[in-house]
Protein chains: 2
Amino acid sequence: MFKINENYLKLPGSYLFSTIAKKVNEFQAANPEKSVIRLGIGDVTQPLAPVIIDALHGAVDEMGKAETFHGYAPDLGYEFLRTAIAKNDYADRGCDIAADEIFVSDGAKCDSGNIQEIFSVDNKIAVCDPVYPVYVDTNVMAGRTGTYDSKTEMWSDVIYMPCTAENNFAPELPKETPDMIYLCFPNNPTGATITKDQLQVWVDYANKVGAVIIYDAAYEAYISEPDVPHTIFECEGARTCAIELKSFSKNAGFTGTRLGYTVIPKDLKCGDVMLHSLWARRHGTKYNGAPYIQQRAGEAVYSPEGKEQLAKQVAYYMNNAKVIKEGLQEAGYTVSGGVNAPYIWLKTPGTMTSWEFFDYLLANANVVGTPGSGFGPSGEGYFRLTAFGTYENTVAALERIKKM
Amino acid sequence: MFKINENYLKLPGSYLFSTIAKKVNEFQAANPEKSVIRLGIGDVTQPLAPVIIDALHGAVDEMGKAETFHGYAPDLGYEFLRTAIAKNDYADRGCDIAADEIFVSDGAKCDSGNIQEIFSVDNKIAVCDPVYPVYVDTNVMAGRTGTYDSKTEMWSDVIYMPCTAENNFAPELPKETPDMIYLCFPNNPTGATITKDQLQVWVDYANKVGAVIIYDAAYEAYISEPDVPHTIFECEGARTCAIELKSFSKNAGFTGTRLGYTVIPKDLKCGDVMLHSLWARRHGTKYNGAPYIQQRAGEAVYSPEGKEQLAKQVAYYMNNAKVIKEGLQEAGYTVSGGVNAPYIWLKTPGTMTSWEFFDYLLANANVVGTPGSGFGPSGEGYFRLTAFGTYENTVAALERIKKM
């Protein structure tokens, strides 16, 4: 009789956003006359920029003619896109990353979930707390996290690095030595960032202890302050210790279009084995390349028109972030994030838990946000609002919150 | 110090198609005046059908307007596509599969590689020999296959089911009981099929011994004979033992567009646990849904115009298959496949190995095919040609082979 992967059964409850969706549906069913504003999930609302629409149409036309039809894409991505990424996201920032160190994929969620596969099950992971749940959950599925304590909401074999108001939401070097360190800056959910000097400390630490840093830079486009690094490869020594995950979802609105990439420098090795080779083998064996039309759309992101149109889109969302942040401050909340990230992180009032505040906000302002506790135990007592709504909805939501 | 997944290092040599590409490049560099015809890799050459191009353009237009923009897709697929699949591929064939038992993805290669994740590492797999290499390779990566014997080219913990001329390329029930059985019909690479009655024997066997069948039906659209099943769910009892993998790559030319789906009936359980729930959890945690525009293109496949245009495309390739099969027979080869599949499987002449015939064919006819031994030890002495080239190239290739 076949057996299942028992690790899956260890995962507690349902996924955060499914629970939110259920609660919102129930509220809406009970209050059909109320208009609910969703500032919860990190999904974009602005349409794709004109230059991207043009690129998609152009690529679709190519697929309709025998002379320009494209079958299987190269597993690791088309040269035109890898070259554009290497130039714009790395060379232009003075970072030494070659086009063939870039692996194009259908998004950073897949990559951040799959990347752990190339590592030993015996490796110990360290994660920021709170953080994007995919890092821990995918390691649970692989059997890397030990047992779950439902009281502390922590796994026995995971090193948690609390990010709270006390340390300005920046993790401290862990006391126990990890093998794999997940860092996400600008952070989801806190919106916090660290400076280049602070990130250099992590790179030096990883090189010293022989850890690999999995650096999720999905929100990089929202960085507005000059001393915040846009990529971990701005730090010296990152080529021997870091993998970087990037997405087109938030800088170009590709959440429903699907495109991302992962960078693995060839200098990153375990003994003689390049992690680059392992990931290439994974891509070649389990993946069939990102669609041609999406890769052409990705290329358009780096065109002069693309850069201009997308800068406006980012500015639009960051203006929402400002509306949320200032509105909450006016209403007396303690707030962080929203300067280098589309996420605003607020302290719940008094002793309210994250889920109590979720219910309170939904019932009284008809606004949906995300409970901080959903991102890890240190997120308890916090709450995330996102700047990805429309301007009109964002303003309306804040008016309601201020009246609450 | 971090450690890697050592299972990756067990994988022998490079991937079949990379080796072929290397040999062809070398030949072309040494003989720049020769025109090489590629009938090797199973990639399509006909452009996307007009109805699909229209659907893609329409969906792209939607993505460019705020009112019709689509962000994150439902993890498991849009309702419109799941409903179209359930109706056309199952209900219309009298099979009982609900829309919510269908998981839309970016292709069958990913699904066939990832599906093993939801099973225990202790499960024993059985595979047809020869077969699509992804089944074994992804189980090697997961540590499920024991040790590799480079002489026999077999893994110690894999049950091989030889498919040769002696059994008409149809596997026999294995002597040792497997937990997971990979079946692929119409078969890649042999092009062989089994009848509904033969498949029913497998379903009954799996239900009896408590095995799960992973049924890859990627080439289903090429079936022309009436007694060959189009889905394993035509068999009684399949709902308690089978998972089916389907692709839009070969019936609709989506190799570079990327869309597929996996069916897991809710009756398929290990104890109380539905495999459906485990796969849903995997999709929700590690995947972000197939792109909206591709799902609209998939929907168009099931429209009346789509069916008509794609039937013509399949007929075009099957005419190529006929040209190849009859041409080879005229030239005195022993040939099978090509009736219910776009693959033609030939016995190499005399005592030539598969790779020797590859070199011989490349040197003398400048035609590229795929060595049968690349698909498993029982593929030695066989060779695969595909019908996915253009008609003109296929005719020219056969003229050259006949003169050889």
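The coordinates are above.
Residues numbered from 1 in each chain as written. Chains lettered and ligands numbered in written order. Predicted model: local features only at pLDDT ≥ 70, side-chain atom pairs only at ≥ 80, totals over all residues. Heavy atoms only, no water.

Q: Can you help me understand the side chain of Asp89 of chain B in this one?
A: Residue and element names in this part refer to chain B. Relative to the helices and strands, Asp89 is located in helix α4 (residues 79-90). Taking relative accessible area as the criterion, Asp89 reaches 8% and is therefore assigned buried. There is a polar contact of 2.6 Å between the side chain of Asp89 and the side chain of Tyr261. A polar contact of 2.6 Å, which involves the side chain of Asp89, links it to the side chain of Tyr302. Setting aside its immediate chain neighbours within four residues, Asp89 contacts Ala84, Thr231, Lys246, Tyr261 and Tyr302. (Helix = DSSP H or I, 4+ residues; strand = E, 2+ residues; numbered from the N terminus. Buried < 20%, exposed > 50% of the residue type's maximum accessible area, 1.4 Å probe, protein only. Polar contact = N/O pair within 3.5 Å; in protein donor to acceptor, adjacent residues only side chain to side chain. Contact = heavy atoms within 4.5 Å.)

Q: How should I be thinking about the relation of the copies chain B and chain A in this particular structure?
A: Copy one and copy two of the chain differ by a rotation about an axis and a translation along that axis. Placing chain B over chain A gives an RMSD of 0.0 Å and needs a rotation angle of 180°, together with 0.0 Å of translation along the axis. Interpreted geometrically, this transformation is the action of a two-fold axis. For chain B, the residue whose C-alpha comes nearest the rotation axis is His57 of chain B, separated from it by 3.1 Å. (Least-squares fit on C-alpha atoms with pLDDT ≥ 70 in both.)

Q: Just to check I follow, could you spell out helix α4 (residues 79-90) of chain A for this structure?
A: Each α-helix turn comprises 3.6 residues. Residues three or four places apart therefore point the same way. Residue and element names in this part refer to chain A. With 12 residues, α4 should reach 16 Å at 1.5 Å per residue; the first-to-last C-alpha distance of 16 Å fits that figure. Along α4, nine of the 12 residues are buried, which leaves the element largely enclosed by surrounding structure. Buried within α4 are the following residues: Phe80, Leu81, Arg82, Ala84, Ile85, Ala86, Asn88, Asp89 and Tyr90. Where α4 is buried, its residues meet β2 (102-105), β9 (242-247), β10 (260-263), α9 (292-301) and α10 (304-330). (Expected span 1.5 Å × (residues − 1).)

Q: Explain the sheet that holds strand β16 (residues 370-371) of chain A to me, please; I cannot follow it from the model alone.
A: Residue and element names in this part refer to chain A. As summarised here, the arrangement of the four strands in space is β13-β14-β17-β16, forming an open sheet in which the pairing is antiparallel. Lying at the two open borders of the sheet, with one neighbouring strand each, are β13 (335-337) and β16. Note that β13 and strand β14 (residues 343-347) share three bridges and pair antiparallel. Within β14, the position partnered with Val335 by the bridge is Leu346. (Pairing = 2+ DSSP bridges.)

Q: Help me understand the interface of chain B and chain A, please; the structure alone is not making it clear to me.
A: Each side of the interface is counted separately: chain B has 80 residues, and chain A has 80 residues. Summed over both sides, the interface between chain B and chain A buries roughly 6600 Å², with carbon and sulfur atoms accounting for 61% of that surface. Contact with chain A buries surface across chain B, with Phe2, Tyr72 and Arg281 of chain B losing the most and accounting together for 12% of the total. Seen at the junction of chain B and chain A, the total is two salt bridges. (Buried area = accessible area lost by both parts, 1.4 Å probe. Salt bridge = Lys/Arg side-chain N within 4 Å of Asp/Glu carboxyl O.)

Q: What's the story with the pairing of strand β10 (residues 260-263) of chain B in this structure? I'm lost.
A: The side chains of a regular strand alternate, first on one face of the sheet and then on the other. Residue and element names in this part refer to chain B. Of the two faces of β10, the one lined by Gly260 and Thr262 and the one lined by Tyr261 and Val263 are each fully buried. Of the pairings in the sheet, the one linking strand β2 (residues 102-105) to β10 comprises four bridges and is antiparallel in character. Paired with Phe103 across the strands is Thr262, a residue of β10. As paired elements, strand β9 (residues 242-247) and β10 share four bridges and run antiparallel to each other. Within β10, the position partnered with Lys246 by the bridge is Tyr261.

Q: For this particular structure, what's the right way to read the sheet that holds strand β3 (residues 125-129) of chain A?
A: Pairing between sheet strands relies on hydrogen bonds along the backbone, with the strands arranged either parallel or antiparallel. Residue and element names in this part refer to chain A. Sheet architecture is open: seven strands sit in the order β2-β10-β9-β8-β7-β3-β6, paired in mixed fashion. Looking at the sheet topology across the chains shown, the edges are occupied by β2 and β6 (158-162). Neighbour-to-neighbour, the strand axes of this sheet turn through a mean angle of 20°, independent of strand direction. When strand β7 (residues 180-184) meets strand β8 (residues 212-216), the two strands line up parallel, connected through five bridges. Residue pairing in the sheet places Met180 in a bridge with Val212 of β8. Across the sheet, α4 is in contact with β2, β9 and β10; its angle to β2 comes to roughly 115°. (Axes fitted to C-alpha atoms, helices over the stretch in contact; angles between N-to-C directions.)

By themselves, these observations are geometric and do not establish any function.
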